[in-house]
Amino acid sequence: MDGTKRSNIESGKIVEVVQKQDQRSGKLTKGVVKDILTNSKSHHHGIKVRLESGVVGRVKKIID
């Protein structure tokens, strides 16, 4: 599913995000969405979220 649309993302979903420091390498971090930090309906780099682990990143892939 598309991680650039806010409507596709909700608390409790399992996603893979790229953190700011991992943008060059493209390393993804998997986790469960706690908060959605992007207010706009979409963002071309991915919606920014906070995972339950505290990690903040942009959604690249929605697992479940």
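Note that the coordinates shown come from a computational prediction; the quantities given were computed from them, not determined experimentally.

Engineer: Give me the side chain of Asn-8: which residues, what numbers.
Structural biologist: If you trace the backbone, Asn-8 turns up in the segment before strand 1 (14–18). A polar contact of 2.9 Å, which involves the side chain of Asn-8, links it to the backbone oxygen of Asp-2. Asn-8 has contacts with Met-1, Asp-2, Lys-13 and Ile-62, leaving out every residue within four places of it along the chain.

Engineer: I'd like a rundown of the nonpolar core, residues and numbers included.
Structural biologist: Grouped together as the largest cluster of nonpolar side chains are 10 residues: Ile-9, Val-15, Val-17, Val-33, Ile-47, Val-49, Leu-51, Val-55, Val-59 and Ile-62. Among residues more than four places away in sequence, those in contact with Val-15 are Thr-29, Lys-30, Gly-31, Val-33, Leu-51, Val-59, Lys-61, Ile-62 and Ile-63.

How each quantity is defined
Residues numbered from 1 in each chain as written. Predicted model: local features only at pLDDT ≥ 70, side-chain atom pairs only at ≥ 80, totals over all residues. Heavy atoms only, no water. Helix = DSSP H or I, 4+ residues; strand = E, 2+ residues; numbered from the N terminus. Polar contact = N/O pair within 3.5 Å; in protein donor to acceptor, adjacent residues only side chain to side chain. Contact = heavy atoms within 4.5 Å. Core = buried A, V, L, I, M, F, W, Y, C linked by side-chain atoms within 4.5 Å. Buried < 20%, exposed > 50% of the residue type's maximum accessible area, 1.4 Å probe, protein only.

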